[in-house]
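Chain by chain, the residues run as shown.
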Amino acid sequence: MVENRPWLTFFTHLVLIIGVVIVVFPVYLAFIASTHSGGDFLRGLVPLLPGPNAVENYSKMLFEGISTAGAPPLWIMLANSTLIAIIIAIGKIIISLLSAYAIVFFKFPFRLLAFWIIFITLMLPVEVRIIPTFAVVANLGLLNSYLGLTLPLIASATATFLFRQFFLTVPDELMEAARVDGAGPMKFFRDILLPLSRTNIAALFVILFIYGWVQYLWPLLVTTDSRYYTVVMGIKRLAATADAEPQWHLVMAAVVLAMLPPS
Amino acid sequence: MQTKRTIFPNKLLPYVLLLPQLAVTLIFFIWPALQAVKSSFEREDPFGFRTTFIWFENYTRLFADPNYVNSLSRTAVFAVSVTILSMCVSLLLAVAVNRVLRTNRIYTTLLVWPYAVAPVVVGILWWFIFNPTIGILPYMMRGLGVAWNPRVNGDQAMILVIIAASWKQISYNFLFFVAGLQSVPQSLTEAAAIDGAGPFKRFFTIVLPLLSPTTFFLLIVNINYAMFDTFGIIDATTSGGPNQATNTLVYKVYADGFLGLNIGSSAAQSVILMLIVIALTAIQFRFIERRVQY
Amino acid sequence: MATINLVDLHKDYGNSHAVRGINLSVADGELIVLVGPSGCGKSTLLRMVAGLETVSSGRIEIGGRDVVKAEPAERDIAMVFQNYALYPHMTVRGNLEYGLKNRGTPRAEIDRRVNEAAEILEIGPMLDRKPRQLSGGQRQRVAMGRAIVREPAAFLFDEPLSNLDAKLRVQMRVEIRKLQRRLKTTSLYVTHDQLEAMTLADRLVVMNGGLVEQIGTPTEVYDRPATLFVASFIGSPPMNLLPVSALGNTQGLNLPAGTDMVGIRPDQMHLEPRPGATALPATAELLEPIGGESHLHLRLDSGHSVILSVPGRPSITEGTAVTVYIEPAALHPFDSKTGRRTDA
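Residues numbered from 1 in each chain as written. Chains lettered and ligands numbered in written order. Predicted model: local features only at pLDDT ≥ 70, side-chain atom pairs only at ≥ 80, totals over all residues. Heavy atoms only, no water.

With that out of the way, let us pick up the overall build of chain C. On a plain count of helices and strands, chain C comes out with 8 helices and 19 strands. Summarising its shape, the C-alpha atoms of chain C cover approximately 75 × 45 × 35 Å along the three principal directions. Here chain C, with 344 residues, has 51% of them falling under the buried criterion. Contacts in chain C between residues far apart in sequence, at least 24 positions, make up 66% of those at least 6 positions apart. Roughly 14900 Å² of accessible area belongs to chain C as shown, and the carbon and sulfur atoms make up 49% of that amount. Between the centroid of the 38 positive side chains of chain C and the centroid of its 39 negative side chains there is a distance of 6 Å. (Helix = DSSP H or I, 4+ residues; strand = E, 2+ residues; numbered from the N terminus. Buried < 20%, exposed > 50% of the residue type's maximum accessible area, 1.4 Å probe, protein only. Contact = heavy atoms within 4.5 Å. Areas by Shrake-Rupley, 256 points an atom, 1.4 Å probe, with all protein chains shown as cover. Lys, Arg positive; Asp, Glu negative; His and termini not counted. Charge placed at Lys NZ, Arg CZ, Asp CG, Glu CD.)

Helix and strand content of chain B: 13 helices and 2 strands. When the backbone C-alpha atoms are referred to their principal axes, chain B occupies close to 75 × 75 × 30 Å. Expressed as a percentage of the 294 residues in chain B, the buried residues total 50%. Nonlocal contacts in chain B, meaning residues at least 24 apart in sequence, comprise 67% of its contacts between residues at least 6 apart. Accessible area for chain B stands at about 14000 Å²; split by element, carbon and sulfur atoms hold 67% of it. Here chain B holds 20 positive side-chain charges and 12 negative ones, and the gap between their average locations is 12 Å.

We now examine the sheet that holds strand β4 (residues 57-62) of chain C. Residue and element names in this part refer to chain C. Strand order in the open sheet made by the 4 strands is β2-β1-β4-β5, with antiparallel pairing throughout. In this open sheet, the two strands that pair with only one neighbour each are β2 (16-26) and β5 (65-66). Judged from the 5 bridges that link them, strand β1 (residues 4-13) and β4 form a sheet pairing that is antiparallel. Across the sheet, residue H10 finds its bridge partner in β4, namely S57. Each of β1, β2 and β4 touches helix α1 (residues 42-50); the most contacted strand, β1, lies at about 115° to it. (Pairing = 2+ DSSP bridges. Axes fitted to C-alpha atoms, helices over the stretch in contact; angles between N-to-C directions.)

This paragraph deals with the UniProt feature "transmembrane region" (unreviewed entry) in chain B. When the UniProt feature table is mapped to this numbering, "transmembrane region" (unreviewed entry) covers residues 12-34, 76-98, 110-130, 157-181, 202-221 and 267-288 of chain B. Split by type, residues 12-34 of chain B is 96% helix and 0% strand. Its first and last C-alpha atoms lie 29 Å apart. (UniProt positions renumbered as here; feature names shortened; annotations may be inferred.)

Here the focus is the interface of chain A and chain B. With 105 residues of chain A at the interface, the matching set in chain B holds 91 residues. Our count for the contact surface shared by chain A and chain B stands at 4 salt bridges. E176 of chain A serves as the salt-bridge partner of R5 of chain B, at 3.0 Å between the closest nitrogen and oxygen. The greatest single-element share of the side of chain A that touches chain B, amounting to 19 residues, is contributed by helix α1 (residues 6-33) of chain A. (Salt bridge = Lys/Arg side-chain N within 4 Å of Asp/Glu carboxyl O.)

A separate point is the sheet that holds strand β8 (residues 186-191) of chain C. All names here are of chain C. Taken in spatial order, the 6 strands line up as β6-β7-β8-β3-β9-β10 in an open sheet, and their pairing is mixed. On the outer flanks of this sheet lie β6 (77-80) and β10 (211-216), each paired with one strand and no other. On average, each strand axis in the sheet is inclined to that of its neighbour by 20°, with strand direction left out of account. As defined by bridge partners, strand β3 (residues 31-35) adjoins β8 across 5 bridges and the pair is classed as parallel. Opposite L34, over in β8, you have V190 as the bridge partner.

Residues and elements named next belong to chain A. At a minimum axis distance of 8 Å, the contact between helix α3 (residues 74-105) and helix α12 (residues 231-239) shows a crossing angle of 140°. Side by side, α3 and α12 meet where L74, M77, L78 and S81 of the first sit next to V231, V232 and G234 of the second. Looking at side-chain class alone, the contact of α3 with α12 contains 5 nonpolar, 2 polar and no charged residues. (Nonpolar A, V, L, I, M, F, W, Y, C, P; charged D, E, K, R; others polar.)

Per the UniProt record, the feature "domain: ABC transmembrane type-1" (unreviewed entry) sits at residues 72-284 of chain B. Taken end to end, residues 72-284 of chain B is 76% helix and 0% strand, and its two terminal C-alpha atoms sit 22 Å from one another.

With that settled, the discussion passes to the interface of chain A and chain C. Contact with chain A, which involves 16 residues of that partner, is made by 23 residues of chain C. Between chain A and chain C, roughly 1700 Å² of surface is buried when both sides are summed, and carbon and sulfur atoms account for 59% of that area. In this structure, the connection of chain A to chain C is made through 3 salt bridges. Linking R179 of chain A and E71 of chain C is a salt bridge whose minimum nitrogen-to-oxygen distance equals 3.2 Å. If you look at where chain A meets chain C, you find 13 residue pairs in polar contact (both at pLDDT 80 or more). Residue assignment for the side of chain A that touches chain C shows that the elements contributing at least two residues are α8 (172-180) and α9 (185-196) of chain A. At 7 residues, α8 of chain A tops the list of elements feeding residues into the side of chain A that touches chain C. Grouping the constituent residues of the side of chain A that touches chain C by class yields 9 nonpolar, 1 polar and 6 charged. (Buried area = accessible area lost by both parts, 1.4 Å probe. Polar contact = N/O pair within 3.5 Å; in protein donor to acceptor, adjacent residues only side chain to side chain.)

By the secondary structure assignment, G232 of chain B is in helix α11 (residues 231-236). In this structure, the C-alpha to C-alpha distance between G232 of chain B and Y251 of chain B, residues 19 residues apart in sequence, is 9.1 Å. Residue contacts for G232 of chain B: discarding those within four places in its chain leaves Y216 of chain A together with P119 and V120 of chain B.

Next up on the list: the nonpolar core. In terms of nonpolar packing, the biggest core is built from 134 residues, with L74, I235, M252 and V255 of chain A together with I124, L125 and W126 of chain B touching the most fellow members. Top contributing element to this core by residue count: helix α7 (residues 154-182) of chain B, with 12 residues. Looking at this core, you find at least three residues from each of domain 1 (6-73 + 237-259) and domain 2 (81-226) of chain A. Ranked by size, the runner-up nonpolar core spans 83 residues in total, among them Y101 and I117 of chain A together with I77 and M79 of chain C. (Core = buried A, V, L, I, M, F, W, Y, C linked by side-chain atoms within 4.5 Å. Domains from an automatic or database assignment.)

Further remarks concern the side chain of K168 of chain B. Residues and elements named next belong to chain B. Mapped onto the fold, K168 is located in helix α7. Of the side chains bearing the opposite charge, D229 lies closest to the buried K168, which forms no salt bridge; the N-O distance is 8.1 Å. Beyond its immediate chain neighbours, meaning those up to four positions away, K168 contacts P114, Y115, V117, P119, V122 and Y225.

A full pass over the atoms with the stated rule returns 38 salt bridges over all chains. Close ionic contact of R113 of chain C with E151 of chain C constitutes a salt bridge, the shortest N to O distance being 3.7 Å. With R113 of chain C in helix α3 (residues 107-121) and E151 of chain C in the loop between α4 (136-148) and β7 (154-158), this pair connects stretches of sequence that are 38 residues apart. Judged by relative accessible area, which is 15%, R113 of chain C ranks as buried. Each of E173 and E176 of chain A, R5 of chain B together with K11, R47 and E53 of chain C takes part in salt bridges that share partners, so that together they form one network.

All names here are of chain C. Every second residue of β6 is oriented toward a common face, with I77 and M79 on one face and A78 and V80 on the other, all of them buried. With 4 bridges connecting them, β6 and β7 associate as parallel partners. Bridge pairing in β7 links A78 to F155.

Attention now goes to the domain arrangement of chain C. Residue and element names in this part refer to chain C. When its domains are assigned, chain C resolves into domain 1 (4-231) and domain 2 (241-341). Here the C-alpha centre of domain 2 lies 38 Å away from the C-alpha centre of domain 1. Each partner contributes residues to the interface: domain 1 has 10 residues there, and domain 2 has 11 residues. The largest share of the area that domain 1 buries against domain 2 comes from Y222, P225 and L228, three residues that together contribute 55% of it. In this structure, the connection of domain 1 to domain 2 is made through 0 salt bridges. Applying the counting criterion to the domain 1 and domain 2 interface returns 4 residue pairs in polar contact (both at pLDDT 80 or more). Ranked by residue count, the leading element in the side of domain 1 that touches domain 2 is helix α7 (residues 218-223), at 3 residues. Class assignment for the residues of the side of domain 1 that touches domain 2 results in 6 nonpolar, 1 polar and 3 charged.

Cis geometry is adopted by the peptide bond preceding P237 of chain C, which originates at S236 of chain C and carries an omega value of -5°. With respect to the element layout, P237 of chain C can be found in the loop between α8 (228-233) and β11 (240-243). Positive phi values are uncommon outside glycine, yet N243 of chain B reaches one of about 55°. If you trace the backbone, N243 of chain B turns up in the loop between α11 and α12 (249-259). In this model, A85 of chain C sits at a positive phi of 50°, which is unusual for a non-glycine residue. Mapped onto the fold, A85 of chain C is located in the loop between β6 and α2 (92-102). Accessibility expressed as a relative area gives 4% for A85 of chain C, which makes it buried.

Written out as structure tokens, the structure is:
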């Protein structure tokens, strides 16, 4: 729309710039803090400009860790987080694709029941069933294992619904043409449906990877062995070293590293 | 429920396809949930040898416990504040981005990425900024004559977690508001402009009402987020303190059950939380269904 | 190439009956058009032949073989869909090859057939493009090509032209007809467009309410509609249907016993006197010139509305009184109770 109100345009940009500052500032501060030496914080105020210790801080975090805080080198935790996030994302996508396919392209007894069972997972986040879920995983002997870290998080009502919605928009004729062309159910799934879902799968992978990456409560519950720590929980441990003031410059280096992969 | 016009005739295959999802769901979701319901009616003796069925005693105790009632009200304050603060800021930013034409992609990119930051990390960032000895905001506030120490002052601790939780949620709300604003037909605002309505009047009489489905959806999502997804933020900052001031329901389940090993009480709290999620999900689902019918 | 036999075919959805007892024999190489309003069961019937719908009762034979229980792929048919149903992520070549590959056709044979089809349909230059890069007409050709390369016993067309614009539709209609003549493949063709049906069909099957109203060549169906439904469905503008009473004195018209309705084609009503014709007084209500001819809407003095199609552009102003002449031979006599023709 053609409309010329200079003061309103100015105000708009002002709002956006303030917004961006609010969103960026905490992270900027983290980055600044990670470039200073520990001593710089004792003076009582966080510096606002980068310091000279960036390389030193980051290499210490990445390759040595902080033994006093029981934190292994960060690269191990980064690798763990990456692995776990990938397993969770791929696992969710696979089992959701399969179940959405079953629900949309087949009719069978208990179809509605199956749908509702999947739907119910939306209503049962880990946070509301902490103890019994922990007990199940413990009984299965999955504590301190990648399987225990990922498998219980792999069910996904959201992904199943998204794929279901998408499958319903695929024209009926496409499946009929494939049947006339001699494709059975699994062949149709592989040759036609999967390639068509590519964009959806890619978008969902990003979201689910982030979901896996930011998990905190679940890894906290099922890991006691530092070999399985994820970056997110590792940082928390660093920041909460007893009653002492944490080594902020190192914590912030870890924070910056932990934010990089998903972005 | 909808299927395709023609379907594959296979009898066994759909069950095989559903098996992984259903197995994970039953083992790690449904079964533990049922266990929680069961233990919420039981008391376990301190050594775990014997459990007694005690009907609703865990529940009645819970509501007689001032700490739990306090946690309920703290959670309500927290959830409502986070929802309002985060949604208002996001709406303002979304409306602004929707007005600028050329630079909106840059702004959008800069505003969206906190979505990928883990709640715990968000908590640590803000704990750092609000740190009474080295934090930059307390320093500025001391200049204004405000004594700032969220480790001691419960209200300040609450403000801290509200700000941190809202900051994290801005990007999510922002994306949905931008999408909602873009679906408001341009012709309507143009018609209103021809009718002589200025930008502010147009916003409040045309755009905001048409945005109400998005707003309602986000309202539920945000309450849900504030209640359940903020565990990390609280754990990284106040750990529920000082003196229970920020002990939300979810944090309390964890603290009582996992750290305090009070299984019965924790289970009862879990069940109450489940009822809350079910109610929120039901409202949300009804809303989505209704919108589909339009 | 093959014959198709449908014997007492039924399709029920719970309590509703989509197809209620169809018998039809399609000769080898014949093009049969199933035509009728939407919901008449023509698409369901075609999809049953294809194997995309189950059969409630009855028999389907393709090339003498009962295929009721066979998968679509085992029926040796190829289908052209209304929205073409091209696989969007495959190239044109990939679309043409897919069915052959699934059947394990040797590579050389696949290439031969694809090239041949591409040549027939003039889509050679497009073989490496994706469907979304093609125009509507080109997609239509690819859909045809996918059917041709299979060299099936029968083609099944499900309203293949209804997504095209009017001009392209006429052009593709001609091409389909030529192609079918050339390949001599038995074909079932579903459409709701009666003009398409008339021009394409060797024989027409007019359907209504899950039943066959009439089977015959286009000329037979146009010249001697078997039922009131066919009379009103085939022909544009539609046949005028009047109660016998509207004709006034029916002596000398020789209407068969039981006749209470008569139909007259719009071009069989005249404004000039004809020997032996019945004269009906009327008032002109609207004149629609449509190029070479005009449609004249009249109200008979008996109160019934009729449409005449008259050559040229008669100078009749609305509201003037005219007289309409109908020759007895132009009358189609019907019994409105049974809906059937009375001189059959």
